[in-house]
Amino acid sequence: MVTHDNIHIPSESFPHWIWFVIEFAIVLAVSALLSREITGAIEDLEDVMQNWVFMGCLSAIFGGWYIVIRGFILKKPILTSR
């Protein structure tokens, strides 16, 4: 009986950086949806001010995830290898 060394093991060959891309997309989508709802709840704003509020909320939620939650609470480094 002949054995082969070229067996495909997904956990070892799946690129590790893809999980960071998936997390980035999820955090960006959730922060954009929450920012849209927060901006929509504030009435009587001009268009320019709505843009500032939207981008401010988006960056606060996005930055809060990567700096506060991921950095201090979960204590998972972002840009280091395993």
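> What exactly am I supposed to notice about the confidence of the model for the protein here?
Keep in mind that low pLDDT regions are not for reading the predicted coordinates in detail. Across the protein, pLDDT averages 83, with 77% of residues at or above 70. Of all helices and strands in the protein, the one with the weakest mean pLDDT is helix H1 (residues 10-13) (60), whereas helix H2 (residues 17-41) scores best (91).

> Hey, could you run me through the packing of aromatic side chains in this one?
In this description, an aromatic ring pair is defined by two values, namely the gap between the centres and the angle between the planes. Taken as a whole and assessed by the stated rule, the structure comprises two aromatic pairs. Taking 5.4 Å as the distance between ring centres and 90 degrees as the angle between the ring planes, the aromatic pair formed by Phe24 and Phe62 counts as edge-to-face. Pair noted here: Phe24 is in helix H2 and Phe62 is in helix H3 (residues 47-73), with a separation of 38 residues, a long-range link. For Phe24, a relative accessible area of 39% translates into the label partly exposed. We classify Phe62 as partly exposed; its relative accessible area is 21%. Members of the aromatic cluster, joined through ring pairs, are Phe24, Phe62 and Tyr66.

Cut-offs applied
- Residues numbered from 1 in each chain as written.
- Predicted model: local features only at pLDDT ≥ 70, side-chain atom pairs only at ≥ 80, totals over all residues.
- Heavy atoms only, no water.
- pLDDT = per-residue confidence, 0-100.
- Helix = DSSP H or I, 4+ residues; strand = E, 2+ residues; numbered from the N terminus.
- Phe/Tyr/Trp six-rings, centres within 6.5 Å; stacked < 30°, edge-to-face > 60°.
- Buried < 20%, exposed > 50% of the residue type's maximum accessible area, 1.4 Å probe, protein only.

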